[in-house]
Amino acid sequence: MAERQKLVLAMRPDILDLVLPAPLRARLDALVDVHPEPVTDWDGCDRLATADLLLTGWGCPPLDAAALDRAPRLAAVVHAAGTVKGHVGPEVWQRGIAVSSAADANAAPVIEFTLATVWLAARRTLGVSAAYRRGVLPTYGDRRGADGAVVGVIGASRIGRGVIARLLAAPAGFRVLLADPYVGADEAAALGVEATDLDDLCRRSDIVTVHAPDLPETHHLLDARRLALLPDGAAVINTARGRLVDTDALTLECAAGRVDAYLDVTEPEPLPAGHPLYGLRNVLLTPHIAGCQGTEVRRLGAYAVDEVARWIQGEPLRGAVHADDLARIA
Ligand SMILES: NC(=O)c1ccc[n+]([C@@H]2O[C@H](COP(=O)([O-])OP(=O)(O)OC[C@H]3O[C@@H](n4cnc5c(N)ncnc54)[C@H](O)[C@@H]3O)[C@@H](O)[C@H]2O)c1
């Protein structure tokens, strides 16, 4: 009988039961020999010597050269979360170790969260709600609806593409613009959207939603100049990363009442106490909750256990992450 492969868990202990609740853990145990305690520090971790697989999650320490030197059998790192950039560096691929991420599973709730904010933004809900608190009801003529709204999507990432598909399927008849240097006019047309550059997208969009990865070239992609191009009454949604938007410039636009914002991520994150964004009624601030939360975290574990099953059966990994793609992915 072939020897069963050995798997080490590497993540914060307090999330282990969320990632792998009992039925998932039982499924994993049926596939491989799992060391019961999760690792958070490679120092003194002798179980790396026999590990064939790592199942990683939030809090996994970086897999540096020293750790990899102590893991001669390691063949695959299966991440039960989104980006692997926090713990997997080029050395992992150079050693021929396969890498997989559950970013597809984490994308689904971000897509839903974004759609929810698009609907709120289309109605200028935050401003209407603030006025309502002051006793002001909008007249029927003042009320804004979603039909025909122009939504500018920055980044045809897996989340961006999911948002686009859902927007186009909605009865509102959204018009969707896309800015993504990796997507040309033909591919954009196949997605049902119009490819354009960022400046044009800002000028023409009622709602701009950010879905590009955090890369050197995406830092402050929405800076003061581009934010000033937005039409009066526009909304900015950011569920990607705070660094993509100039927080100070956006704060000024929101404080002037010209732009509304729905920010699940900020720079810095969290915002310091007393930051002016906390006090603006036309800004919805959430503390990075768009991805899998609470009961949803098991989706990441389920995706990872499916990957382990594929690996054991010699099938291709569905969430394979390739070193060549790192410069353009999250
Ligand atoms: N708020 C949350 O909880 C949460 C959860 C998951 C992901 N995210 C964030 O959402 C964003 C999208 O994640 P993903 O997994 O869909 O990304 P992804 O890895 O699928 O995105 C890669 C794609 O982004 C596009 N892109 C690259 N550079 C670009 C640029 N300069 N301008 C526009 N588009 C560009 C390209 O099409 C590329 O293929 C990331 O910033 C990620 O960190 C946030």
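How each quantity is defined
Residues numbered from 1 in each chain as written. Predicted model: local features only at pLDDT ≥ 70, side-chain atom pairs only at ≥ 80, totals over all residues. Heavy atoms only, no water. Helix = DSSP H or I, 4+ residues; strand = E, 2+ residues; numbered from the N terminus. Buried < 20%, exposed > 50% of the residue type's maximum accessible area, 1.4 Å probe, protein only. Contact = heavy atoms within 4.5 Å. Near = heavy atom within 4 Å. Polar contact = N/O pair within 3.5 Å; in protein donor to acceptor, adjacent residues only side chain to side chain. Axes fitted to C-alpha atoms, helices over the stretch in contact; angles between N-to-C directions. Parallel < 35°, antiparallel > 145°, perpendicular 65-115°, else oblique. Left-handed = near helix turned anticlockwise from the far one by under 90°. Nonpolar A, V, L, I, M, F, W, Y, C, P; charged D, E, K, R; others polar. UniProt positions renumbered as here; feature names shortened; annotations may be inferred. Domains from an automatic or database assignment. Pairing = 2+ DSSP bridges. Core = buried A, V, L, I, M, F, W, Y, C linked by side-chain atoms within 4.5 Å.

Overview of the environment of alanine 80
No. 1: Within the secondary structure layout, alanine 80 lies in the loop between β4 (76–79) and α4 (90–94).
No. 2: Residue alanine 80 is classed as buried on the basis of its relative accessible area, which comes to 2%.
No. 3: Once the C-alpha coordinates of alanine 80 and glycine 257 are considered, the two residues, 177 residues apart in sequence, prove to be 41 Å apart.
No. 4: Alanine 80 has contacts with Val19, Leu55, Thr56, Ala102, Leu300, Gly301 and Ala304, leaving out every residue within four places of it along the chain.

Looking at the site of the ligand
No. 1: In the vicinity of the ligand, 26 residues are found, and the nearest of them are Ile159, Asp180, Ala212, Arg328 and Ala330.
No. 2: In this structure, isoleucine 159 approaches the ligand through a main-chain N or O atom, which is 2.9 Å from an oxygen atom.
No. 3: Contact distances for the ligand include 2.8 Å between an oxygen atom and a backbone N or O atom of alanine 212.
No. 4: Elements that contribute at least two residues to the shell around the ligand include exactly α5 (103–122) and α7 (158–169).

Comments concerning the packing of helix α2 (residues 22–31) against helix α12 (residues 298–312)
No. 1: Between α2 and α12, the shortest axis-to-axis distance is 10 Å and the interhelical angle comes to 15°. With respect to their mutual orientation, α2 and α12 come out roughly parallel. For the element pair α2 and α12, the recorded crossing hand is left-handed. Of the residues in α12, those in contact with Leu24, Arg27, Leu28 and Leu31 of α2 are Arg298, Gly301, Ala302, Val305, Asp306, Val308, Ala309 and Ile312.
No. 2: Tallied by class, residues from the contact of α2 with α12 come to eight nonpolar, one polar and three charged.

Focus on the side chain of asparagine 238
No. 1: Tracing the backbone through its elements, the reader meets asparagine 238 in strand β10 (residues 234–238).
No. 2: From its side chain, asparagine 238 meets the backbone oxygen of arginine 241 in a polar contact 3.0 Å long.

Quick word on the UniProt feature "domain: D-isomer specific 2-hydroxyacid dehydrogenase NAD-binding" (unreviewed entry) in the protein
No. 1: UniProt annotation of "domain: D-isomer specific 2-hydroxyacid dehydrogenase NAD-binding" (unreviewed entry) refers to residues 117–290 when read in the numbering used here.
No. 2: Annotated as 32% helix and 17% strand, the span residues 117–290 places its first and last C-alpha atoms 11 Å apart.

Describing the domain arrangement of the protein
No. 1: Entries for the protein in the domain assignment read domain 1 (6–105 + 294–325) and domain 2 (123–285).
No. 2: Distance from the C-alpha centre of domain 1 to the C-alpha centre of domain 2: 34 Å.

A word on the sheet that holds strand β8 (residues 194–195)
In a beta sheet, neighbouring strands pair by backbone hydrogen bonds and run either parallel or antiparallel.
No. 1: Strand order in this open sheet of seven strands is β8-β7-β6-β9-β10-β11-β12, and the pairing throughout is parallel. What marks the edges here is a single partner per strand, and that holds for β8 and β12 (283–285).

Section: the nonpolar core
No. 1: Counting 30 residues, the largest nonpolar core has Val153, Leu167, Phe174, Val176, Leu178 and Ile207 as the members making the most contacts within it.
No. 2: Among the elements of the structure, α5, β6 (150–154), α7, β7 (175–179) and β10 are those that each provide at least two residues to this core.
No. 3: Here this core takes seven residues from α5, the largest share from any one element.
No. 4: One finds Ile154, Leu198, Cys202 and Ala249 within the second-largest nonpolar core, a separate group that totals 29 residues.

With respect to the sheet that holds strand β1 (residues 6–10)
No. 1: Read from one edge to the other, the open sheet built from five strands follows the order β2-β1-β3-β4-β5, with strand pairing classed as parallel. Edge positions in the sheet fall to β2 (33–34) and β5 (98–101), since each has one partner strand and no second.
No. 2: The pairing of β4 with β5 spans four bridges and is parallel. Its bridge partner being in β5, histidine 79 is matched across the sheet by serine 101.

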